[in-house]
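Residue-level structure breakdown
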Amino acid sequence: EFPEGNLCDKLDFCKVGEKGENVRSYTKCCGTMLNTAGGKNFPAGFRPFNRNCIKNADGTEYRPQGQVMNCMAYAAFKPDEVPEPKVSKADGWVSERASVHWLEIR
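Residues numbered from 1 in each chain as written. Predicted model: local features only at pLDDT ≥ 70, side-chain atom pairs only at ≥ 80, totals over all residues. Heavy atoms only, no water.

Once that is clear, we can look at the sheet that holds strand 1 (residues 11–15). On the basis of which strands lie adjacent, the open sheet formed by 3 strands has the order 1-2-3 and antiparallel pairing. Only two strands of the sheet have a single neighbouring strand rather than two, namely strand 1 and strand 3 (33–35). Neighbour to neighbour, the strand axes of the sheet diverge by 40° on average, direction disregarded. (Pairing = 2+ DSSP bridges. Helix = DSSP H or I, 4+ residues; strand = E, 2+ residues; numbered from the N terminus. Axes fitted to C-alpha atoms, helices over the stretch in contact; angles between N-to-C directions.)

In structure tokens form, the structure reads like this:
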């Protein structure tokens, strides 16, 4: 189901940190974070979404199979409070894809 009207009119954006170039989007109506990273200098060919906002085609809540690793725990405002399972850095394939994309856009 798609919302009526222009999606950009329904979102607001914020930078991560005072001098940050990473941008997050959230809904104007209730402040739900939609996109957890982005911006023109985001070095990957994908955008990470808040999985709590993703629905299946039938409208039910999307639930990934198995455990989902919380990556990049070191970058959290309170790294010790990131729930397990967690790792400090992104998995190798994520880092590799981000590096390839970064090189492609340079």
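Let's pick the thread back up.
Further remarks concern unusual backbone geometry. Cis peptide bonds are those with omega within 30 degrees of zero, and the linkage from Glu-84 to Pro-85 qualifies with -5°. With respect to the helices and strands, Pro-85 occurs in the loop between strand 3 and helix 1 (92–105).

Turning our attention to the environment of Phe-13. Secondary-structure assignment places Phe-13 in strand 1. For the pair Phe-13 and Lys-28, spaced 15 residues apart in sequence, the C-alpha to C-alpha distance is 9.3 Å. The residues touching Phe-13, leaving out its near neighbours within four places in the chain, are Val-23, Arg-24, Ser-25 and Tyr-26. (Contact = heavy atoms within 4.5 Å.)

A few words on the side chain of Asn-35. Relative to the helices and strands, Asn-35 resides in strand 3. Setting aside chain neighbours within four positions, we find Asn-35 in contact with Val-23, Arg-24, Ser-25, Arg-47, Pro-48 and Phe-49.

Further remarks concern the pattern of salt bridges. Under the defined criterion, the tally for this structure stands at 1 salt bridge. Residue Arg-63 pairs with Glu-61 through a salt bridge whose shortest N-O separation is 3.3 Å. By relative accessible area, which is 59% here, Arg-63 ends up exposed. Residue Glu-61 is classed as partly exposed on the basis of its relative accessible area of 38%. (Salt bridge = Lys/Arg side-chain N within 4 Å of Asp/Glu carboxyl O. Buried < 20%, exposed > 50% of the residue type's maximum accessible area, 1.4 Å probe, protein only.)

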